Amino acid sequence: MTGRTTALGCAALLTAAVGLAAWLEPRSEAWRGRRAQADSFLLTLLGDGRRLFANHFFVKADVYLHSGFYPSIFDQARSACEHGLGQEQEPDPRAEGGQQAHDHRVHEGHENHAAEAHEHHDDHNFPGPPRDWIDRLSRHFRVTEHTHLAGAQTEAEILPWLRLAAEFDPHQVEFYTVAAYWLRSRLGKVDQAEAFLRRGLRVNPNSEEILFELGRLAWENRKDAARARNLWSAAEHAWHARFGAVDETNRVSLRRILAHRAQLEEETGNVDEAIRYWTRVRELSPHPEAIEQRLATLRQRLPAAH
Amino acid sequence: MRTLLALAWVVIKELYRRKDFYVLFVLTALITLVLGSVNFFEDTLMVRYLREVTLLLIWVSALVIAVVTAARQIPAERESRTIFPLLAKPVTRGQVVLGKFLGVWLASGLALALFYGFYLVVGAWKAASGSLALGLQAFWLHWMMLAVVVALAILGSLLFSAPSVNSTICFVVVTGILLLAGHLNTLAAAQPGPGGALMYGLYFALPHLELFDVRDLMIHEHPPVPLGPLVIATLYAAVYAALLLVAAWWVFRRKPLST
């Protein structure tokens, strides 16, 4: 084959590729189903496969958060065999209001999603003792120290993966809420967090989780009580529109919205409203006695408030 | 030794005359530069994702260069019939195998050095911190791993009919080892009976190429590997490369050269 033939062949292939792309692009918009919602032709072609990529990138973010110390699928399978999967964690009684409790929850939620068999890193020695000399030797060449990204803005290293995950599966709201948490709480990028959440809200307009996070951002970072109140009301409505009735699977998300609303009302001096919301939280809480104590304290403040 | 170096020099010259390396290097550089210029949340400090992608591209490129170059050495000599004048000289078949191995390994090392040099340039561009000692260790371990891969591809070139078949099989085997070999003991422990014993047998027989992969240590800025394990890994690679080369020499000795 001469050089001229090769060049002509390449030119023909290039022309055919460009022509095919130009022909397919407008037609892809008319395709039905989730594929049609994709932003680009490449994502359309990937179809539901892009959700696999998205989950992979989300796990990658978790790997980065733990500086590469992460169980392989084989370690996860072994852990699942040894400890059993699907054990629901008891909700944290501290989660009813309070910044510290909430930070813990979001962080924990992020980790749990990414590695259900990861057991929230309680088992820091997941590889176990070395089984043989090759295993012992190999541990010098891989990450065996469990550290978290912390300080000097190193937490930002997880963000490219979260961004990519959201690109590949824009309907997974957790990608937006987790990225926003890190952006506003650890990196001080409140504007970026809000922009990313709003981008998520445009794609998922009825997401109570994104509305809730926007409310937290408005209250905790911007100190804008009115906006936070509106956003949490919208989150509550979205929750009711989505679930209707309370059951064991959705109880926590409603309790979280109501607890934050109650905390906001309490801090802004609306004791009546705070009592109303805490009463609703009590009905949903697995530890109503702790809420009852709080309600008693608020009722004592009630005459003074009036 | 002079014969070996002469044979090796021919292979090195072949590498820089062919376009494989340049294409792979330009592709690696292009992808890395495009990814490096992406803006994530207006943050310029993120560097680990770029390290990960660059190192992955370097690993893929080095593997392609090593396997493809090694796989075509002896078949090309046979096809062009230059093997006959070569063996008519005072050169033994063992020296041909060893010379070809040395040439491909050195050529792969040169290419690898350029790739790792590019990696350092990217690190400097992003003002990233990182251990130079670990970088040098990563290069050394990677090169030692390539010694095993090159020896494997040379043995394959004497067993399989065409370089393309050999290259494909080598890629599948090396990728399989990199991904699974380290976990065979876990799988074997969960598998009772002869299946488990077979997996254990494979676990101890296969060369553990994943030992030489310290990308995670580099990406996440962990300390360098201690000297002892580094020496053991080097010896481990040397033993496997030697075993494969002896097997290649043994096959080549018995192989008729007529095509």
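The structure under discussion appears in the preceding block.
Residues numbered from 1 in each chain as written. Chains lettered and ligands numbered in written order. Predicted model: local features only at pLDDT ≥ 70, side-chain atom pairs only at ≥ 80, totals over all residues. Heavy atoms only, no water.

J.: Help me understand the overall build of chain A, please; the structure alone is not making it clear to me.
T.: Counting its secondary structure elements, chain A contains 14 helices and zero strands. Secondary structure elements in chain A, listed N-terminal to C-terminal, are α-α-α-α-α-α-α-α-α-α-α-α-α-α. Accessible area for chain A stands at about 15,600 Å²; split by element, carbon and sulfur atoms hold 55% of it. (Helix = DSSP H or I, 4+ residues; strand = E, 2+ residues; numbered from the N terminus. Areas by Shrake-Rupley, 256 points an atom, 1.4 Å probe, with all protein chains shown as cover.)

J.: I tried to follow the overall build of chain B on my own but got confused; where do I start?
T.: The helix and strand tally for chain B stands at eleven helices and zero strands. From first element to last, N terminus to C terminus, chain B shows the α and β order α-α-α-α-α-α-α-α-α-α-α. In terms of overall size, chain B behaves like a compact globule, its C-alpha atoms giving a radius of gyration of 20 Å where 259 residues would be expected to give roughly 18 Å. With the C-alpha coordinates of chain B rotated into their principal frame, the extents come out at 65 × 55 × 30 Å. Here chain B holds 259 residues, and the buried ones make up 49% of them. For chain B, long-range pairs separated by at least 24 residues make up 84% of all intrachain contacts whose partners lie at least 6 apart in sequence. Looking at chain B as shown, the accessible area adds up to about 12,100 Å², and 73% of this sits on carbon and sulfur atoms. (Rg over C-alpha atoms; globule rule 2.2 N^0.38 Å. Buried < 20%, exposed > 50% of the residue type's maximum accessible area, 1.4 Å probe, protein only. Contact = heavy atoms within 4.5 Å.)

J.: So what exactly am I meant to see when it comes to the packing of helix H9 (residues 190–203) of chain A against helix H10 (residues 208–221) of chain A here?
T.: Helix packing for two helices is described by the angle between their axes and how far apart those axes are. Residue and element names in this part refer to chain A. Between H9 and H10, the least distance of the axes is 10 Å, while the angle of their chain directions is 160°. In terms of axis orientation, H9 runs roughly antiparallel to H10. For the crossing formed where H9 meets H10, the hand is left-handed. Touching Val190, Ala193, Glu194, Leu197, Arg198, Gly200 and Leu201 of H9 are Ile210, Leu211, Glu213, Leu214, Leu217 and Asn221, all from H10. Residues of the contact of H9 with H10, tallied by class, amount to eight nonpolar, two polar and three charged. (Axes fitted to C-alpha atoms, helices over the stretch in contact; angles between N-to-C directions. Parallel < 35°, antiparallel > 145°, perpendicular 65-115°, else oblique. Left-handed = near helix turned anticlockwise from the far one by under 90°. Nonpolar A, V, L, I, M, F, W, Y, C, P; charged D, E, K, R; others polar.)

J.: Before we go on, may I ask you to explain the nonpolar core in this structure?
T.: Within soluble globular proteins, side chains that are nonpolar generally end up buried alongside one another. Membership of the largest hydrophobic core comes to 147 residues, with the highest contact counts inside it found for Ile158, Leu159 and Trp278 of chain A together with Phe212 of chain B. At 16 residues, helix H6 (residues 132–159) of chain B tops the list of elements feeding residues into this core. With residues up to four places along the chain from it excluded, the contact list for Leu159 of chain A reads Ala179, Trp182, Leu183 and Leu187 of chain A together with Phe41 and Met46 of chain B. (Core = buried A, V, L, I, M, F, W, Y, C linked by side-chain atoms within 4.5 Å.)

J.: Would you explain helix H11 (residues 225–243) of chain A in this entry?
T.: Because the α-helix completes a turn every 3.6 residues, residues three or four places apart line up on one side. All names here are of chain A. The end-to-end C-alpha distance of H11 is 26 Å, a good match for the 27 Å that 19 residues give at a rise of 1.5 Å each. Taken residue by residue, H11 has Ala225, Ala228, Leu231, Trp232, Ala235, Glu236, Ala238 and Trp239 as its buried positions. When H11 is viewed along its axis, its buried side chains cluster within an angular range of 165° and face the same direction. In H11, the exposed positions angled more than 90 degrees off the buried face are occupied by Asn230, His237 and Ala241. In the core, the buried residues of H11 are packed alongside H10, helix H12 (251–267) and helix H13 (271–284). (Expected span 1.5 Å × (residues − 1). Arc of directions from axis to C-beta.)

J.: I tried to follow the interface of chain A and chain B on my own but got confused; where do I start?
T.: By a widespread convention, an interface's size corresponds to the accessible area lost as its parts come together. Contact with chain A, which involves 33 residues of that partner, is made by 37 residues of chain B. Taken together, the two surfaces of chain A and chain B that pack against each other cover about 3,200 Å², and 68% of this comes from carbon and sulfur. Looking at the side of chain A facing chain B, the largest losses of area belong to Phe74, Ile134 and Phe141 of chain A, adding up to 23% of the total buried there. The interface formed by chain A and chain B contains two salt bridges. With a shortest N-O distance of 2.5 Å, Lys60 of chain A and Glu52 of chain B are connected by a salt bridge. Our count for the chain A to chain B interface comes out at 13 residue pairs in polar contact (both at pLDDT 80 or more). Those elements giving two or more residues to the side of chain A that touches chain B turn out to be helix H3 (49–65), helix H4 (73–83), helix H6 (133–138), helix H7 (159–168) and H9 of chain A. The element that contributes the greatest number of residues to the side of chain A that touches chain B is H6 of chain A, accounting for five residues. Broken down by class, the residue content of the side of chain A that touches chain B amounts to 15 nonpolar, eight polar and ten charged. (Buried area = accessible area lost by both parts, 1.4 Å probe. Salt bridge = Lys/Arg side-chain N within 4 Å of Asp/Glu carboxyl O. Polar contact = N/O pair within 3.5 Å; in protein donor to acceptor, adjacent residues only side chain to side chain.)

J.: Could you clarify how one ought to interpret the environment of Ala193 of chain A in this entry?
T.: Residues and elements named next belong to chain A. As for its position among the elements, Ala193 is in helix H9. When the C-alpha positions of Ala193 and Gly128 are compared, they lie 39 Å apart, and in sequence the two are 65 residues distant. Excluding residues that lie within four positions of it along the chain, Ala193 makes contacts with Ala180, Leu183, Arg184 and Leu217.

J.: Help me understand empty space enclosed by the protein in this model?
T.: Empty space among the atoms becomes visible once a probe the size of a water molecule is rolled across them. All names here are of chain B. Under the criterion given, the structure shown has two cavities of 30 Å³ or more. The wall of the second largest cavity is formed by Trp59, Tyr116, Ala138, Phe212, Asp213, Val214, Arg215 and Met218. Residue composition of the lining of the second largest cavity, grouped by class: six nonpolar, no polar and two charged. (1 Å grid on protein atoms, 1.4 Å probe; cavity = no way out; pocket = protein on both sides within 12 Å on 5 of 7 lines; lining within 4 Å. Points joined across faces, edges and corners; volume = space filled by probe spheres on them.)

J.: How do you make sense of unusual backbone geometry when you look at a structure like this?
T.: Phi is mostly negative for residues that are not glycine, and the peptide bonds are mostly trans. A positive phi angle is found at Ser67 of chain A, which is not glycine, with a value near 50°. Note on placement: Ser67 of chain A falls in the loop between H3 and H4. Given a relative accessible area of 5%, Ser67 of chain A falls into the buried group. You will see that Glu42 of chain B, though not glycine, has its phi angle at about 50°, which is positive. For Glu42 of chain B, the position within the fold is in the loop between helix H2 (20–36) and helix H3 (48–79). Residue class for Glu42 of chain B comes out exposed when judged on its relative accessible area of 59%.

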